[in-house]
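Here are the chains, one letter per residue:
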Amino acid sequence: VFVGEGFTVTLALYVSASNRAKMGWHKIGEQLEGFIKKAKPSNVWEENHNISRITSNTVEINGKIYTQSVIFQATYFPLNDEDINFPSLDLKMVKYNRAKRLSFFGQNYEEELITLSSKPKLVKVIPLPDHPLKDNVAVGDYQLDEKINKTNLNTGESFQYEFIISGEGNISAISKPNILSENIDFYPPDIQQNIRRSDNFVTGRKTFRYYGIPNEPGNYELSDDIFWIYFDPYREKYDTLRSDISLAVGGESKKNEYISTNYTD
């Protein structure tokens, strides 16, 4: 994976159909805490999928039927290009064996504590290609949505504009877009985000809501003024989301008025 690109780690138990009734959990809450402490990398941003209870479903692997029970799942986003090592984990389970002698109530089962071990895993982390902003860009598959409450207005008249980034990636790490306008004043945005963690993905959207006031009359393409650069790991290239909105501004220049009100001897 690239630096900043998400990958999902799932800790699951697979039990064959013939052994399904012969296995039971053993202090799984305590064991899970130990797994997280031992296995969580230090150089990642974590989005925990917050599995509140263990659910099981039937899966087929190499022609055999298994019961899959997902114990833990999280998506990690590497913060640097250091490789990530996941150690082997030991899961203690209860196995029910038939007792050798019948009891008064019939066949009994004896409990045996067994240990199941996972294999260690290595995740290779690839540095991003050279770029002036390589240390500051978000990584993912993103799209742009926009909203504006008016596109025809006069100088000194305010408008509300939303720059909405949505898609798959580390939504929390998305920074505000670049604004280079000289003739429109944009005030610091209100920011909202919504994150969804499901299956093997982290998706969502981040909204930057601006108030702007134009100071000069004219026609403006906001694509010249507002843009956001990111790295797409699927296409392995940098890309830019740009506004597609045009403004038609009438009225008189407010620049001189602004200068006179802010001038001091």
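The rules behind each value
Residues numbered from 1 in each chain as written. Predicted model: local features only at pLDDT ≥ 70, side-chain atom pairs only at ≥ 80, totals over all residues. Heavy atoms only, no water. Pairing = 2+ DSSP bridges. Helix = DSSP H or I, 4+ residues; strand = E, 2+ residues; numbered from the N terminus. Axes fitted to C-alpha atoms, helices over the stretch in contact; angles between N-to-C directions. Contact = heavy atoms within 4.5 Å. Expected span 1.5 Å × (residues − 1). Buried < 20%, exposed > 50% of the residue type's maximum accessible area, 1.4 Å probe, protein only. Arc of directions from axis to C-beta. 1 Å grid on protein atoms, 1.4 Å probe; cavity = no way out; pocket = protein on both sides within 12 Å on 5 of 7 lines; lining within 4 Å. Points joined across faces, edges and corners; volume = space filled by probe spheres on them. Nonpolar A, V, L, I, M, F, W, Y, C, P; charged D, E, K, R; others polar.

Caption draft 1: Region of interest: the sheet that holds strand β2 (residues 23–25). Sheet architecture is open: three strands sit in the order β2-β7-β8, paired in antiparallel fashion. Both edges of this open sheet fall to β2 and β8 (109–117), since each of them pairs with a single strand only. The sheet shows a mean angle of 35° between the axes of neighbouring strands, taken without regard to direction. Strand direction decides the pairing type here: strand β7 (residues 90–98) and β8, joined by nine bridges, are antiparallel. Counterpart to methionine 93 in the pairing with β8 is isoleucine 114. Lying on the sheet, helix α1 (residues 28–39) is in contact with β2 and β7; it crosses β7 at an angle near 150°.

Caption draft 2: A look at α1. Helix length check: α1, at twelve residues, gives a terminal C-alpha distance of 16 Å against a target of 16 Å (1.5 Å per residue), a fit within 8%. Where α1 is concerned, the buried positions are Gln31, Leu32, Phe35 and Ala39. The buried residues of α1 occupy an angular sector of 100° when the element is viewed end-on, so they sit on one face. For α1, the exposed residues set more than 90 degrees away from the buried face come down to Glu30, Glu33 and Lys37. Where the residues of α1 are buried, they touch β1 (7–16), β5 (64–78), β6 (84–86) and β7.

Caption draft 3: Structural context of the layout of surface pockets. Taken as a whole, the largest pocket spans an internal volume of roughly 680 Å³. Forming the boundary of the largest pocket are 25 residues, of which Thr10, Leu11, Ala12, Leu89 and Ser118 lie nearest the centre. Taken together, the elements giving at least two residues each to the lining of the largest pocket come down to β1, α1, β5, β8 and β9 (121–123). Across the lining of the largest pocket, the residue classes tally to 18 nonpolar, three polar and four charged.

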